[in-house]
Amino acid sequence: MTFREIGSLQLATLVDSLPLSEDWVHEIKYDGYRTLCRKDKKSIQLVTRGGLDWSKKYQSILKECEKLPVDSIVMDGEIVWLDNQGHSSFQGLQNALEAHRDGQLIYYVFDLLFLNGFDIRNFPLIERKKLLEQVIQKTKSQKIIYSSHWNEDGASVFKSACDNKLEGIISKNIHGQYLSGRGKNWLKIKCKNVQEFVIGGYTLQKNGASLGAVLLGAHNEKGEFQYLGKVGTGFNNKTSTNLLKNLKTLQIIKSPFEVKSPKGEKQLWVKPTLVANIEFAAWTEDKILRHAAFKELRKDKKASEVILELPVKKTVLRKKIKTTSEISSPDKVLYPEDQITKQDLLDYYKAIEKWIIPYLRDRPLALLRCPAGYDHTCFFQKHAETNEEGIKSQNIVSKLKEKKEQVLYIDSMKGLRELVQLGTLEIHVRGGDYQHIDFANQIVFDFDPDEGMSFEKVKSAAFELKALLEKLKLKSFIKVSGGKGVHVQVPVSPKYDWDEIKEFAKKICEQMESTHPEKYTTTVSKAKRKGKIFLDYLRNGYGATAIAPYSVRAREHAPVALPITWAEAKKLKSAHSYTLKEVPKLLKKRSDPWKGYLKLKQKIKVLDDFRKHKKR
């Protein structure tokens, strides 16, 4: 990803009071240079808020970024200089950079935008921070520090920050996405009034040779450059001399201020390009700074980005919000065409709990997570990356494959609820349980038709397989995939390893292909699937998964992978006929179409005979 694709950074809105809701966390506000770190394999960049590449200025930080244990990442943070009391000092930062002493700098990171190729800006803040913390912990750097947050009452966090002479705090909504620009999901409150302003002019002292004051402005809500007052204190001799030299090179004839431009003959106008940090006591009713003092220039910010920031009254947030939902963001829309929400998904799984849990219990899972909805970024999670309550992890050792891994599984409604909380839209399961990791207890045949093929041909193929399996004295079961095709599943005794089961499934599919080469193919290449049904036997290898019975799919209208009877299959018109809204009502009226599936432990005679032959 490029910085152009990333867009502008998320910014905080200045407020006059803090949110007290449980939906907010609070972080320290640092006084440094806002910086994005982008790592793509061996390429690393450190870029300012204004888009300037300052990698060369931050050589010590750049070197630490090489330790990040990921292929690619984009993270947001602030580079600061700390004094002996651990306080960030902007003047100390500027002095360190001017003296090329970047070894004294620290990079506090507080947000994660991309990770290993996945755009996670749509994830809730609290999930992005969990992933970021894991990455930073593994990095073990003394110069890249994870910026912690506090869940407690913001007022106490703010008081503590001010008592310790810090700049202030940032409060962030835990459910918020990472959105470019200034918004209401990030709020800032300062211990003292310090803001950025643009210099639009200046005056000289009576001697006509020294800097008297600088005239300040910012862009109002209409985008107009508005005069906001002047500042004539805070300069030392060196600062005053250097600043005056800069201002003289920028001198223009007309005032750049479009609103409330000061009048008189003493003002000298400049191109509004220099950004200054100004500390002040308060605002007048006419929006003019009172008792202002110059602090320093900001070289990392563009003048066009400096806006008039007046504290927004956040009284609406002062009331403690209580929530009765079991999950965060219950109103989050996951399927926009039907306005199906996160709460609707949880309600679905509650309604069909007794139907789905038996097919998930103890089976290693692969989760397709789409926190922002099926039509946004989705990604698979197969291994334990969370300590969420209800989701269990197990360390397993495969003797067959000589490998160790950690797998996820669930066995209760609590686990299902946590899957919904994580934005899981599809639940995929392996063909065996974690206690017998080297052996399968089911075979899955996936019928995947080429685009435009009729569903009648898919059903015909499934019934053809059913007949073939019956000749081998194997009972089969059918489910609609919720996509284009169907799955035919065969429960077996957990005595056959994955290589045996995969080879058996392959031979069955190849037999169907050889009998009707015009209808079927076992070739993975899509170019060779034209007008044919792909007989997918690959779901039977070690670590492979298939969509779980009763799982919702990440497709339009939230279709369900539903077990049905062979009799129902004859009348079925499509593989996505059943949706999240319809299935709970349907299950109340029917008996189990897969009755006996979980207890059936069928033996495969051809495999048993082959084993006997090998022993001779």
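Residues numbered from 1 in each chain as written. Predicted model: local features only at pLDDT ≥ 70, side-chain atom pairs only at ≥ 80, totals over all residues. Heavy atoms only, no water.

- Looking at an unreviewed UniProt entry, the chain carries the name DNA ligase (ATP), with the source organism given as Bacteriovorax stolpii.
- Under the heading Catalytic activity (unreviewed entry), UniProt records this for the chain: "ATP + (deoxyribonucleotide)n-3'-hydroxyl + 5'-phospho-(deoxyribonucleotide)m = (deoxyribonucleotide)n+m + AMP + diphosphate."
- Among the UniProt annotations of the chain, the heading Cofactor (unreviewed entry) holds the following wording: "Mn(2+)". (UniProt positions renumbered as here; feature names shortened; annotations may be inferred.)

1. What about the packing of helix α7 (residues 342-351) against helix α9 (residues 413-421)?
Then step 1. Interaxial distance between α7 and α9 falls to 10 Å at its minimum, and their mutual angle equals 160°. Classed by the angle they form, the pair α7 and α9 counts as roughly antiparallel. In the crossing of α7 with α9, the sense of the turn from one axis to the other is right-handed. Only Met 413, Leu 416, Arg 417, Val 420 and Gln 421 of α9 make contact with α7, whose side of the interface consists of Lys 342, Leu 345, Leu 346, Tyr 349 and Lys 350.
Then step 2. Of the residues assigned to the contact of α7 with α9, the class counts are 6 nonpolar, 1 polar and 3 charged. (Axes fitted to C-alpha atoms, helices over the stretch in contact; angles between N-to-C directions. Helix = DSSP H or I, 4+ residues; strand = E, 2+ residues; numbered from the N terminus. Parallel < 35°, antiparallel > 145°, perpendicular 65-115°, else oblique. Left-handed = near helix turned anticlockwise from the far one by under 90°. Contact = heavy atoms within 4.5 Å. Nonpolar A, V, L, I, M, F, W, Y, C, P; charged D, E, K, R; others polar.)

2. Some remarks on the sheet that holds strand β27 (residues 439-449)
Then step 1. Spatially, β30-β31-β27-β29-β28-β33 is the arrangement adopted by the 6 strands of the open sheet, whose pairing is mixed. The open sheet has two edge strands, β30 (520-521) and β33 (563-564), and neither has a second partner.
Then step 2. Pairing between strand β28 (residues 477-480) and strand β29 (residues 486-497): 4 bridges, direction antiparallel. Bridge pairing links Phe 477 to Gln 489 in β29.
Then step 3. Where helix α11 (residues 498-515) meets the sheet, its contacts fall on β27, β29, β30 and β31 (533-536), and the angle it forms with β27 comes to roughly 30°. (Pairing = 2+ DSSP bridges.)

3. As for the domain arrangement of the chain
Then step 1. Structurally, the chain comprises domain 1 (10-189), domain 2 (194-305) and domain 3 (333-607).
Then step 2. Distance from the C-alpha centre of domain 1 to the C-alpha centre of domain 3: 42 Å.
Then step 3. Across the boundary between the two partners, domain 1 contributes 9 residues, which contact 11 residues of domain 3.
Then step 4. Summed over both sides, the interface of domain 1 with domain 3 buries roughly 800 Å², with 54% coming from carbon and sulfur.
Then step 5. It is Asn 122, Phe 123 and Glu 127 that lose the most area in domain 1 upon contact with domain 3, and together they represent 50% of the buried surface on that side.
Then step 6. For the interface between domain 1 and domain 3, the tally reads 1 salt bridge.
Then step 7. Between Arg 369 and Glu 127 there is a salt bridge; the shortest N-O distance is 2.3 Å.
Then step 8. Joining domain 1 to domain 3, the criterion identifies 1 residue pair in polar contact (both at pLDDT 80 or more). (Domains from an automatic or database assignment. Buried area = accessible area lost by both parts, 1.4 Å probe. Salt bridge = Lys/Arg side-chain N within 4 Å of Asp/Glu carboxyl O. Polar contact = N/O pair within 3.5 Å; in protein donor to acceptor, adjacent residues only side chain to side chain.)

4. Digging into unusual backbone geometry
With the exception of glycine, most residues fall at negative phi, and the peptide bonds are largely trans.
Then step 1. Residue His 100 is not a glycine yet carries a positive backbone phi of 60°.
Then step 2. Within the secondary structure, His 100 sits in the loop between α3 (90-98) and β6 (105-115).
Then step 3. For Lys 287, which is not glycine, the phi torsion reads 60° and is therefore positive.
Then step 4. Checked against the element boundaries, Lys 287 lands in the loop between β17 (282-283) and β18 (289-290).

5. Side note on the sheet that holds strand β23 (residues 379-381)
Then step 1. Across the sheet, which stays open at both edges, the 4 strands sit in the order β23-β22-β26-β32 with antiparallel pairing between neighbours. A single partner strand is all that each edge strand has here, and the edge strands are β23 and β32 (545-547). Neighbour-to-neighbour, the strand axes of this sheet turn through a mean angle of 30°, independent of strand direction.
Then step 2. In the sheet, strand β22 (residues 365-369) pairs with strand β26 (residues 424-430) via 5 bridges, with the strands oriented antiparallel. Looking at the pairing, Leu 368 lines up with Glu 426 of β26.

6. So, the side chain of Lys 129
Then step 1. Relative to the assigned elements, Lys 129 resides in helix α4 (residues 125-139).
Then step 2. In this structure, Lys 129 is in contact with Glu 27, Phe 110, Tyr 146, Ser 147, Ser 148 and His 149, ignoring residues within four places of it in sequence.

7. Considering the state of the cysteines
Then step 1. Throughout the structure, instances matching the rule amount to 2 disulfides.
Then step 2. Covalent S-S linkage joins Cys 162 and Cys 191, the inter-sulfur distance amounting to 2.1 Å. Here the disulfide of Cys 162 and Cys 191 is left-handed, its torsion about the S-S bond being about -95°. Here Cys 162 is found in helix α5 (residues 154-163), whereas its partner Cys 191 is found in the loop between β10 (181-190) and β11 (193-204), with 29 residues between them in sequence.
Then step 3. Judged by relative accessible area, Cys 162 falls into the partly exposed class, the value being 26%.
Then step 4. For the chain, the disulfide bridges join cysteines in the arrangement 1-2, 3-4, where the cysteines are counted in sequence order. (Disulfide = S-S within 2.5 Å. Buried < 20%, exposed > 50% of the residue type's maximum accessible area, 1.4 Å probe, protein only.)

8. Points about α7
Structurally, the α-helix is built with 3.6 residues per turn, so residues lying three or four positions apart point the same way.
Then step 1. Those residues of α7 that fall on the buried side of the exposure criterion are Lys 342, Leu 345, Leu 346, Tyr 348 and Tyr 349. Angular distribution of buried residues about the axis of α7 spans 155°; they occupy a single face of the element.
Then step 2. Of the surrounding elements, those touching the buried residues of α7 are β20 (333-335), β21 (340-341), α8 (353-360), α9, β26 and α13 (583-588). (Arc of directions from axis to C-beta.)

9. Focus on the packing of aromatic side chains
Then step 1. This structure, assessed with the given rule, holds 26 aromatic pairs.
Then step 2. A cation sits over an aromatic face here: Lys 57 above Trp 54, 4.9 Å from the ring centre.
Then step 3. Positioned above the aromatic ring of Trp 186 is the side chain of Lys 172, whose terminal nitrogen or guanidinium carbon lies 3.8 Å from the ring centre. (Phe/Tyr/Trp six-rings, centres within 6.5 Å; stacked < 30°, edge-to-face > 60°. Lys NZ or Arg CZ within 6 Å of the ring centre and 35° of its normal.)

10. Remarks on the pairing of β26
Then step 1. Among the 7 residues that make up β26, 7 are buried, leaving the element largely enclosed by the rest of the structure.
Then step 2. Note that β26 and β32 share 3 bridges and pair antiparallel. Residue pairing in the sheet places Val 429 in a bridge with Ala 546 of β32.

11. Section: the nonpolar core
Then step 1. Core analysis: the biggest nonpolar cluster contains 88 residues, and Tyr 349, Leu 416, Phe 445 and Phe 447 have the highest contact counts within it.
Then step 2. Not counting chain neighbours up to four residues away, the residues in contact with Phe 445 comprise Leu 465, Leu 469, Val 486, His 487, Val 488, Val 490, Ala 505, Ile 508, Cys 509 and Asp 536.
Then step 3. One finds Phe 197, Leu 247, Leu 274 and Val 275 within the second-largest nonpolar core, a separate group that totals 34 residues. (Core = buried A, V, L, I, M, F, W, Y, C linked by side-chain atoms within 4.5 Å.)

12. Some thoughts on empty space enclosed by the protein
Then step 1. Tallied over the entire structure, the rule returns 5 cavities of 30 Å³ or more.
Then step 2. Here the largest cavity defines a volume of roughly 410 Å³.
Then step 3. The wall of the largest cavity is formed by 28 residues, among which Lys 29, Arg 34, Glu 78, Ile 170 and Lys 188 lie closest to the centre.
Then step 4. Of all the secondary-structure elements, those providing two or more residues to the lining of the largest cavity are β1 (10-14), β2 (24-28), β3 (33-40), β9 (168-173), β10 and β11.
Then step 5. With 4 residues, β10 is the single largest residue contributor to the lining of the largest cavity. (1 Å grid on protein atoms, 1.4 Å probe; cavity = no way out; pocket = protein on both sides within 12 Å on 5 of 7 lines; lining within 4 Å. Points joined across faces, edges and corners; volume = space filled by probe spheres on them.)

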